[in-house]
Amino acid sequence: MELSDLIGAVGACVQQAQVLVERTAEREYLRYFHPPAEEGEGALRGALIPQTVEVALPGGEGEEAVLPVPLVALVNHAPMRLEQVRVRLNIAPTLTGRGTVEVEAAPPEEGGDSLELLFQAGEPGEGAARLNGAASQKL
């Protein structure tokens, strides 16, 4: 396998892992909502409804007010993300006549060279950042 193909394949695996982490965070967040109402009128039709708990809050003059509080407001729902992934591979590189580098796996006990790849999360491109900002403004 060419070294560039190996690096591309490892990079694709890291990105796929990030997608799975994001999907898991989304599923966890949505657990705090009831499924969309199938029947009903107006804004509730098809909308997710937050699960709530009733909380008694002390009021003035010894009175208590019972308020429905959305569960999602009571928990940390910051998503996980792969900030940095370090991959170490033991390889046996060979320079080909075409000027490319071919690599094979080399168990540590058989020598070979160690290749370390460091993948870091970057900032979204300007277009994606603007699109996300515009979508968030609608909330």
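A brief structural summary.

What follows deals with the overall build of the protein chain. Per the secondary structure count, the protein chain includes two helices and seven strands. From first element to last, N terminus to C terminus, the protein chain shows the α and β order α-β-β-β-β-β-β-β-α. For 139 residues, the compact-globule estimate of 2.2 N^0.38 gives 14 Å, and the C-alpha radius of gyration of the protein chain, at 26 Å, exceeds that figure by more than 25%. For the protein chain, the C-alpha atoms occupy an extent of roughly 85 × 35 × 30 Å along the three principal directions. Put simply, 46% of the contacts in the protein chain that link residues at least 6 apart link residues at least 24 apart. As displayed, the protein chain offers around 11,000 Å² of accessible surface, 55% of which is attributable to carbon and sulfur atoms. Averaged over its 10 positive side-chain charges, the protein chain has a centre that lies 5 Å from the centre of its 21 negative ones.

All right, on to helix α1 (residues 3-30) then. The end-to-end C-alpha separation of α1 is 41 Å, in line with the 40 Å expected for 28 residues at 1.5 Å each. When we look at burial in α1, the residues that qualify are Leu-6, Val-10, Gly-11, Val-14 and Gln-18. Residues of α1 that are buried make contact with β5 (84-95), β6 (101-105) and β7 (113-120).

Turning next to the nonpolar core. Listed in full, the nine residues of the largest apolar core are Leu-6, Val-10, Val-14, Val-85, Val-87, Ile-91, Val-103, Leu-115 and Leu-117. Put simply, the parts of the chain that give this core at least two residues each are α1, β5 and β7.

As a volume, the largest pocket reaches approximately 280 Å³. Around the largest pocket sit 14 residues that line it, and Gln-15, Gln-18, Leu-82, Gln-120 and Ala-121 are the ones nearest its centre. Going through the elements one at a time, α1, β5 and β7 are the ones with two or more residues in the lining of the largest pocket. The dominant element in the lining of the largest pocket, judged by the number of residues it contributes, is α1, at five residues.

Once that is clear, we can look at the packing of aromatic side chains. In this structure the tally under the stated criterion is one aromatic pair. Taken together, a centroid distance of 5.6 Å and an interplanar angle of 50° make the contact between Tyr-29 and Phe-33 tilted. Judged by its relative accessible area of 32%, Tyr-29 is partly exposed. For Phe-33, a relative accessible area of 18% puts it in the buried group. The ring of Tyr-32 carries Arg-31 above its face, with NZ or CZ at 5.7 Å from the centroid.

Turning our eyes to something else, we now look at the pairing of strand β4 (residues 64-70). Here strand β3 (residues 52-58) pairs with β4 via seven bridges, running antiparallel. Paired with Val-55 across the bridge in β4 is Leu-67. Between the antiparallel neighbours β3 and β4 lie five residues, among them Glu-61 with a positive phi of about 55°.

This structure, assessed with the given rule, holds seven salt bridges. Among the ionic pairs, Arg-86 bridges to Glu-116, the shortest N-O distance being 2.8 Å. On the criterion of sequence distance, the pair formed by Arg-86 in strand β5 and Glu-116 in strand β7 is long-range, its members being 30 residues apart. Across the salt bridge formed by Arg-88 and Glu-116, the nearest N and O atoms sit 2.7 Å from each other. Within this pair, whereas Arg-88 is found in strand β5, its partner Glu-116 is found in strand β7, the two being separated by 28 residues in sequence. Relative accessible area serves as the criterion here: at 58%, Arg-88 is assigned to the exposed category. A residue is classified by how much of its surface remains accessible, and Glu-116, at 40% relative accessible area, is partly exposed. Look at the salt bridges and you will find they share partners, linking Glu-2, Arg-98 and Glu-102 into a network.

So, how was this worked out
Residues numbered from 1 in each chain as written. Predicted model: local features only at pLDDT ≥ 70, side-chain atom pairs only at ≥ 80, totals over all residues. Heavy atoms only, no water. Helix = DSSP H or I, 4+ residues; strand = E, 2+ residues; numbered from the N terminus. Rg over C-alpha atoms; globule rule 2.2 N^0.38 Å. Contact = heavy atoms within 4.5 Å. Areas by Shrake-Rupley, 256 points an atom, 1.4 Å probe, with all protein chains shown as cover. Lys, Arg positive; Asp, Glu negative; His and termini not counted. Charge placed at Lys NZ, Arg CZ, Asp CG, Glu CD. Expected span 1.5 Å × (residues − 1). Buried < 20%, exposed > 50% of the residue type's maximum accessible area, 1.4 Å probe, protein only. Core = buried A, V, L, I, M, F, W, Y, C linked by side-chain atoms within 4.5 Å. 1 Å grid on protein atoms, 1.4 Å probe; cavity = no way out; pocket = protein on both sides within 12 Å on 5 of 7 lines; lining within 4 Å. Points joined across faces, edges and corners; volume = space filled by probe spheres on them. Phe/Tyr/Trp six-rings, centres within 6.5 Å; stacked < 30°, edge-to-face > 60°. Lys NZ or Arg CZ within 6 Å of the ring centre and 35° of its normal. Pairing = 2+ DSSP bridges. Salt bridge = Lys/Arg side-chain N within 4 Å of Asp/Glu carboxyl O.

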